[in-house]
Each structure stands twice: as structure tokens, then as C-alpha cells.
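# Secondary and tertiary structure notes
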Amino acid sequence: MKQPRRVLVDGRMLYHSGVGVHVQRILERLVRWHGGTRFTVYVPTGCELPPWCGSANVHPVPWRAPIYGPEEQICLSRWARYRGDVAWFPHFNVASLCGMPWVATVHDCFHLANRQLYAPHEVMVVRALFAALRRRARGICFVSEWTRAEFKRLVGGVRCPSCVVGNGVDAAWRGPHGAWQRPRPYFVAVSNVKPHKNLAFLVRAFAQVCDAVGHDLVIVGKREGFVTADRAVAETARQLGDRVVFTGFLPDAELRACVAGATAMVFPSIYEGFGLPPLEAMAAGTPVLASDIPPVREACGSAVLWFDPQSRDSLASAMRRIVADADLATDLERRGRTHVAAMTWDAPAQRTWAMLCAAVSA
């Protein structure tokens with residue numbers, strides 16, 4: 001199979017949660033493994049670039065245009081001047097006018113599955129981008145079989161070669177970890193504030209059990225947007241005083257220590273493409289309570305305690321069980337570590353590279 005010598009990479013979302021982790025971990029491997037290939041990478045302006053951007057075979061290009069707009073397409077169409085053999089778009093906002101072969105990675109179809117959350121013109125733009133992706137991609141990488149099925153349901157059948165690449169877990173999650181002190185034991189949730197992350201549900205479920213279990217709830221991620229979007233949740237959190245803690249952003253080492261020190265991670269999402277935080281918690285030896293939805297079942301197997309993400313009683317019961325049953329907690333810790341033992345970023349990087357090679361060879 002032909003190896004590309006010049007690869008163009010859309011790295012505009014390097015520092016986004018989810019997509020950004022996927023891009024960074026895969027790119028740092030491709031850059032290291034394929035020193036004879038030149039990687040031209042669009043990078044966000046105003047951010048400190050990751051170390052691999054300083055490699056001799058990487059050419060970073062600053063990006064200034066906003067995503068999901070006409071200016072984005074105009075700027076992406078100018079990529080042709082870099083004369084790449086193939087391009088990789090790690091999100092659905094692909095260059096619909098790009099003249100070279102390209103491969104896209106689809107993480108989820110959230111915008112189409114939850115159209116009610118967006119204005120009509122926003123849905124129209126997303127539909128157009130997904131249609132261009134389906135029509136013109138030489139290859140599509142899906143992060144899960146669930147996402148591939150959602151793509152078929154909401155966009156249409158795949159017309160090009162495709163594969164499931166999945167996500168990996170950084171070795172640093174396997175420890176050792178520093179101490180992260182709280183006056184009481186705690187549950188932890190790592191999430192952004194988007195509605196499908198179901199944080200409102202989590203806070204209300206925790207309110208049912210906080211006195212009985214004697215734990216705090218630590219939410220890692222920004223508070224802005226969450227409390228203004230749901231004032232009832234903000235009021236519930238205020239009524240619980242210091243029992244609900246919003247940490248804001250945490251540096252990587254502190255985040256790992258926070259997760260490793262928790263009694264359990266709670267992952268209450270109602271829509272995901274994959275679900276990486278539970279796997280990271282497993283690697284850190286933390287039991288996981290997770291919403292019973294198909295993509296999380298696919299990612300986590302049997303290594304978590306499931307609850308119904310529509311039933312606060314179901315989550316409250318799971319919280320009580322994990323606190324009261326030390327044997328259950330130990331079993332989940334063991335099963336979790338076993339489940340993620342072989343999950344590194346090497347395999348996703350290898351599959352992505354294979355798709356890029358196939359696109360060039362087609």
C-alpha cells in the first residue's frame with residue numbers, strides 16, 4: 001500500500017475536549033513513527049503548541065477563522081497550495097471544496113440526533129457538512145460501532161471504506177497519582193456543560209443521597225453556562241452548600257489525582273459517541289457508575305455499575321450500593337483495570353494511518 005509523503009491535518013480542535021485528545025494522541029504517534037512524512041497541521045492561534053509540533057517533519061500553520069462558517073470553507077479550500085497527498089479531518093466540519101483525497105473521523109452525530117437544541121440555520125450547516133463528508137470522503141473512521149450506526153441512521157449509508165478506530169487511555173492514568181485532599185470522601189464527574197452530559201440529573205440525584213452516604217460531589221469542568229442554563233440546578237447546588245464542588249479546569253496531573261482519589265466516577269451522559277472518562281477512571285483504579293446507553297456499554301463492557309440515566313432513583317441506588325458494598329467496589333476496580341489494560345493509543349493511530357494510506361492508494 002502506498003505511503004503518503006505529505007499529509008495535511010486539521011488540528012484546529014487540538015484543545016477541545018474529546019476530539020482534541022483524540023487528535024493529539026494520534027498525531028504525536030504518526031509524527032514519531034513516520035519521520036519521512038511531512039505533516040502540515042492547522043493549529044489554533046494563541047495556544048502553546050504540543051511538543052510534537054516542534055518535530056522536523058511538522059509544519060504548523062496558524063488558523064484564525066471561526067469553525068462552522070463560510071470563512072472556514074474558504075480558508076480550508078486554500079490547503080491545495082501545500083500540495084498534500086492526503087488530508088485528515090478529525091471532525092465532521094470537513095473542507096467540502098478540498099481537491100485532494102481526504103479521510104474524516106466521526107466522533108458522534110449529536111447535532112443531527114438532537115436538532116431541537118439548535119437553530120434551524122445551524123442544523124442546515126451541519127447537514128451540509130455531513131452530506132459533503134458522506135459524498136466526498138475517501139475513508140471514514142468512526143470512534144465506535146454505535147457512531148457508525150448513528151451515521152447510517154441520520155446521514156445515510158457509508159459510500160467509502162470505513163473502520164472503527166476507538167480511543168485509547170494514556171499511560172499516565174495508570175499511576176502513580178498524587179494526593180487530592182477533600183475533608184470528606186467524594187464522587188467525581190468529569191464533564192463539560194452541554195445538556196446531553198446530564199449534569200442537572202446528577203446534581204438532583206446526589207441531593208437524594210448526600211446526607212445518607214456522607215460524600216461530596218466534585219464536578220470537574222467549568223461552572224459557567226451550567227448554572228445559568230438551569231437555575232433550578234444552581235439552586236439545588238446552593239442548598240447543598242459545600243457538598244457540591246465545581247473545580248473548573250484542572251491540569252492533567254491534578255485531574256488524574258482527583259479521579260484516582262474518588263470513591264467512584266459517575267458518568268451520567270444520555271448521548272455519547274464513545275465515552276472516554278470512564279475508561280480513564282478504570283485505569284486509575286476508580287470504580288465507575290455509568291449511564292446504561294449503547295455507546296458506553298460498547299466502550300466499557302461489563303466493568304461498570306449501570307444506572308438508568310432517566311431515573312434519579314436508579315442513580316441514587318447505585319451511589320448507595322458503591323458506598324455500602326466494599327466487595328463490589330473492589331470487584332469493579334479489578335474488572336476496570338483488566339478491561340483497559342490493553343487500551344493504548346497505538347491501535348487507533350495505526351488504524352487511522354492505514355485509512356490515510358488506503359485513501360492515497362485508491
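Now for a quick tour of the structure. (Residues numbered from 1 in each chain as written. Predicted model: local features only at pLDDT ≥ 70, side-chain atom pairs only at ≥ 80, totals over all residues. Heavy atoms only, no water.)

## Quick word on the side chain of Ser291
Stated formally: For helices the rule is a DSSP run of H or I covering at least 4 residues; for strands it is a run of E covering at least 2, with both sets numbered from the N terminus onward. The classification of residues rests on relative accessible area computed with a 1.4 Å probe and restricted to protein chains. Under 20% of the type maximum is buried, over 50% is exposed, and intermediate values are partly exposed. Contacts are assigned to residue pairs that have any heavy atoms within 4.5 Å of one another.
Following the sequence through the fold, Ser291 ends up in strand S12 (residues 288-291). For Ser291, a relative accessible area of 0% corresponds to the buried category. Once you skip the residues sitting within four places of it in the chain, Ser291 turns out to touch Phe267, Pro268, Ser269, Val296, Trp306, Phe307 and Pro309.

## Concerning the sheet that holds strand S13 (residues 305-307)
So the rule is basically this: One requirement defines pairing of two strands: DSSP has to find at least two bridges between them. Only the contacting stretch of a helix is used when fitting its axis, a line to C-alpha atoms as for every element, and angles between N-to-C directions run 0 to 180 degrees.
On the basis of which strands lie adjacent, the open sheet formed by 6 strands has the order S10-S9-S8-S11-S12-S13 and parallel pairing. The strands lining the two open edges of the sheet, one partner per strand, are strand S10 (244-248) and S13. Between one strand axis and the next, the sheet turns through 25° on average, direction left out of account. Taken together, the 5 bridges between strand S8 (residues 186-190) and strand S9 (residues 216-220) define a ladder with parallel strand orientation.

## Some thoughts on the packing of aromatic side chains
Selection criterion: When two rings of Phe, Tyr or Trp (its six-membered ring) have centres within 6.5 Å they constitute a pair, described as stacked for plane angles under 30 degrees, edge-to-face for angles over 60, and tilted for the intermediate range. For a ring to carry a charge above it, either NZ of a lysine or CZ of an arginine must fall within 6 Å of the ring centroid while also lying within 35 degrees of the normal to the ring plane.
Scanning the model with the defined rule gives 11 aromatic pairs in all. Arranged with centres 5.4 Å apart and planes meeting at 65°, the rings of Phe142 and Phe151 form a pair that is edge-to-face. Residue Phe142 is classed as buried on the basis of its relative accessible area of 0%. Taken together, the ring pairs in this structure connect Phe92, Phe130, Phe142 and Phe151 into an aromatic cluster. Across from the ring centre of Trp63, 4.6 Å away, lies the NZ or CZ of Arg12, which sits over that ring.

## Description of the nonpolar core
Spelled out, the test is: Here, nonpolar core refers to any group of buried Ala, Val, Leu, Ile, Met, Phe, Trp, Tyr and Cys residues whose side-chain atoms link them within 4.5 Å.
Core analysis: the biggest nonpolar cluster contains 64 residues, and Phe39 and Leu279 have the highest contact counts within it. Other than its neighbours up to four places away in sequence, Phe39 contacts Val7, Val9, Leu27, Leu30, Val31, His34, Asn57, Val58, His59 and Trp353. If you look at the next biggest cluster of nonpolar residues, it comprises 34 residues, including Phe89, Phe92, Val106 and Phe110.

## Overview of the pairing of strand S5 (residues 102-106)
The buried fraction of S5 is high, at 5 of 5 residues. A two-sided burial pattern is seen for S5, the buried positions comprising Trp102, Ala104 and Val106 on one face and Val103 and Thr105 on the other. Sheet analysis places strand S4 (residues 86-89) next to S5, joined by 3 bridges and oriented parallel. The partner of Ala87 across the bridge, within S5, is Trp102. In this sheet, strand S6 (residues 139-142) lies alongside S5 in parallel orientation, the contact comprising 4 bridges. Its bridge partner being in S6, Val106 is matched across the sheet by Phe142.

## Some thoughts on the pattern of salt bridges
For clarity, the threshold we go by: Any Lys or Arg side-chain nitrogen located within 4 Å of an Asp or Glu carboxyl oxygen qualifies as a salt bridge.
All told, the structure shown has 18 salt bridges when counted by the stated rule. The salt bridge partner of Asp216 is Arg184, with a shortest N-O separation of 2.7 Å. Within this pair, whereas Asp216 is found in strand S9, its partner Arg184 is found in the loop between strand S7 (162-164) and S8, the two being separated by 32 residues in sequence. Take Asp216: its relative accessible area is 0%, and that puts it in the buried class. With relative accessibility at 26%, the residue Arg184 sits in the partly exposed group. Close ionic contact of Arg184 with Asp242 constitutes a salt bridge, the shortest N to O distance being 3.2 Å. Highlighted residues: Arg184 in the loop between S7 and S8 and Asp242 in the loop between helix H8 (231-239) and S10, separated in sequence by 58 residues.

## Things to note about helix H9 (residues 252-260)
Here H9 has its buried residues at Leu255, Arg256, Ala257, Cys258 and Val259. Its buried side turned inward, H9 meets S8, S9, strand S11 (264-267) and helix H10 (277-283).

## Overview of unusual backbone geometry
Of the consecutive residues Gly175 and Pro176, the connecting peptide bond is found in the cis state with omega at 5°. Its location among the elements puts Pro176 in the loop between S7 and S8. Even without being glycine, Asn198 reaches a positive phi, approximately 65°. Note that Asn198 resides in the loop between S8 and helix H6 (199-213).

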